[in-house]
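# Close look at the chain arrangement
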Amino acid sequence: MGKLQKKGERGSATNYITRTQAVKKLQLTLPDFRKICILKGIYPHEPKKKRKLAKGSSAPKTFYYAKDIQYLAHEPLLTKFAETKIFVKKVKKALGRDELDTVQRVRDQKPKYTLDHIVKERYPNFADAVKDLDDALCLIFLFSTMPRQGKVQPGIINKCRILAVEFMHYVIAAKCVKKVFVSIKGIYVQVEIDGNDISWIIPHQFTTPPPSNIDFKVMLSFLELYTTVLGFVNFKLYSNLNLIYPPKALEDVFSEKSSIYYGDDIYRERLESLNIKLAEVQKLEEDEEIDEELLAGDETLEDLVLSRKEEETFKNLFSECKFFLSREVPREILALMLKSLGGEVSWSSESGVASTYDETDPDITHQIVDRPSQSHQFLSRCYVQPQWIFDSVNQRKLLPVDEYIAGGLLPPHLSPFVNAEGYVPPEQVELLDRNKPEDEAVEAPKEGLSAEDKRLAVMAMPKKRKALYNKMVYSNKKKASVVNKLKRKREELDETRDNKKATTES
């Protein structure tokens, strides 16, 4: 007679393991288990028959693939975690005995580890790392604005700030900005790197106290991985442009101490200003010009050349402009947008370092202000609000400055990240009609089924398709209710604005 099989020891039940069993198998604490799962990219999975795996219990349980836990058992970081646990016990024991010399000696022997091998495992190709930059940039830019006195160590905040500045310098050197949108949450920016669109949020320039209901241990585990990944990516991106990494200013290339990693505060402020030219390893070879006569008969290549010319024109959108930033405007994001599209920018030397010219420069074409009036104005330049720069970037052309003059009522700031489905603001409709080609053919509306034919078609549907159809109808009604709500809100806003304008004029 064969051996009896117990329930839950054969079939699909052996493919899963609970979190408690995984922690016991790996001999880790729960925080260390969460950290190793985040670093290695191991996530829980929901089995199809969860109640059967839990042996009839309805208590909430988290399941992992047994193969993933077996894969984690061979990770070298587990040894480092065990060494860290021993290190903490030694420090506590020495502190309890008041042996300060022993405490210092043990702290000098603190175990250290790197995540280089994990980055190579998770991102075998550079393209894979670039595609996964969205979350990394959002988290790193967020922690770069954290207060120095709080739940996050100052060294981590400084490292995030260094990586963020390095990436922004690459964006300026590569001229890869595509879109920007200012919202309450922050500033959404999209760039193009090796054909991949990377979008992230840059927080506004004011420090927000960290909330108390967030588990910073989990976020710091993600941050530890993302800082390592972005360090590798920055090095590769700088190498592709033949720039020195870590970045150095062109005038300080022969100085040994002028580096962001040497603690030179003045040099670091200059580098964070985004208004210095970085040193190159060697001069890049200029691209060879394409002979347009050889491409006269090929429509595909002609379209390719035309799109390339349009892209080069956009990359030099502000090349013929010279900007001066007043002290009340957000300097970092404006410098990033202007410098990455060929513009020349400066500010008052009292507002920050790396100022290249003063407000009295006669060659200034645009001054960016955010106050209703100016005490002194130069007739040779335009005084515009910061939204003019963002809208010009999204429209890929220099917009008229009449609607963006200082102290005037600004037009709506439209998001370039939304599609045309659902509610479309009137300004967006007008803009789409304006950019639509004149020779574009207008399609005739297709005739739909009558109400009676539609009712008969629904009655003739099978049961499964009818259920799917009902879900589609419910979804469309829900979207329509949201659109109608936004339209009513816009009508109320326009009515309030008109009443306010009439009251002001009277």
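Now for a look at the structure at hand.

Rules behind the numbers
- Every chain's residues receive numbers from 1 upward, in the order its sequence appears when written.
- Thresholds applied to this predicted model are a pLDDT of at least 70 for local features of residues and 80 or more for the giving and counting of side-chain atom pairs; totals over whole chains, interfaces and linings are not thresholded and use all residues.
- Side-chain numbers here rest on the full set of heavy atoms in the structure, without hydrogens or water.
- Any Phe, Tyr or Trp ring, taking Trp's six-membered ring, that has another such ring centre within 6.5 Å forms a pair; planes under 30 degrees apart are called stacked, those over 60 apart edge-to-face, and the others tilted.
- Secondary structure counts use DSSP, requiring at least four H or I residues in a row for a helix and at least two E residues in a row for a strand, with both numbered from the N terminus.
- Think of it in three bands: with a 1.4 Å probe and only protein chains considered, a residue is buried below 20% of the maximum accessible area for its type, exposed above 50%, and partly exposed in between.

### A short note on the packing of aromatic side chains
Aromatic ring pairs: the centre-centre distance and the angle between the two ring planes describe each pair. Within the structure shown, the criterion is met by 15 aromatic pairs. Here Tyr188 and Phe417 contribute two aromatic rings whose centre-to-centre distance is 6.3 Å and whose plane-to-plane angle is 50°, an arrangement assigned as tilted. Of this pair, Tyr188 sits in strand E4 (residues 187-193) while Phe417 sits in the loop between helix H15 (387-395) and helix H16 (426-435), and the two are 229 residues apart along the sequence. Residue classification places Tyr188 among the partly exposed residues on the basis of a relative accessible area of 25%. Looking at Phe417, the relative accessible area reads 32%, which means it is partly exposed. Considering the side-chain rings of Phe318 and Phe323, the 5.5 Å spacing of their centres and the 90° angle between planes classify their relative orientation as edge-to-face. Per residue, the accessibility class of Phe318 equals that of Phe323, and both read buried.

### Observations concerning unusual backbone geometry
When glycine is set aside, most residues are seen to have a negative phi, and most peptide bonds are trans. The residue after Tyr245, namely Pro246, is reached through a cis peptide bond having omega 0°. Look at Gln27: it is not a glycine, yet its phi comes out positive at around 55°. Relative to the elements of secondary structure, Gln27 occurs in the loop between helix H1 (19-26) and helix H2 (30-40). Owing to a relative accessible area of 66%, Gln27 belongs among the exposed residues under this scheme. Backbone geometry at Asp194 places phi at a positive 55°, although glycine is not the residue there. Counting through the fold element by element, Asp194 comes out in the loop between E4 and strand E5 (196-202).

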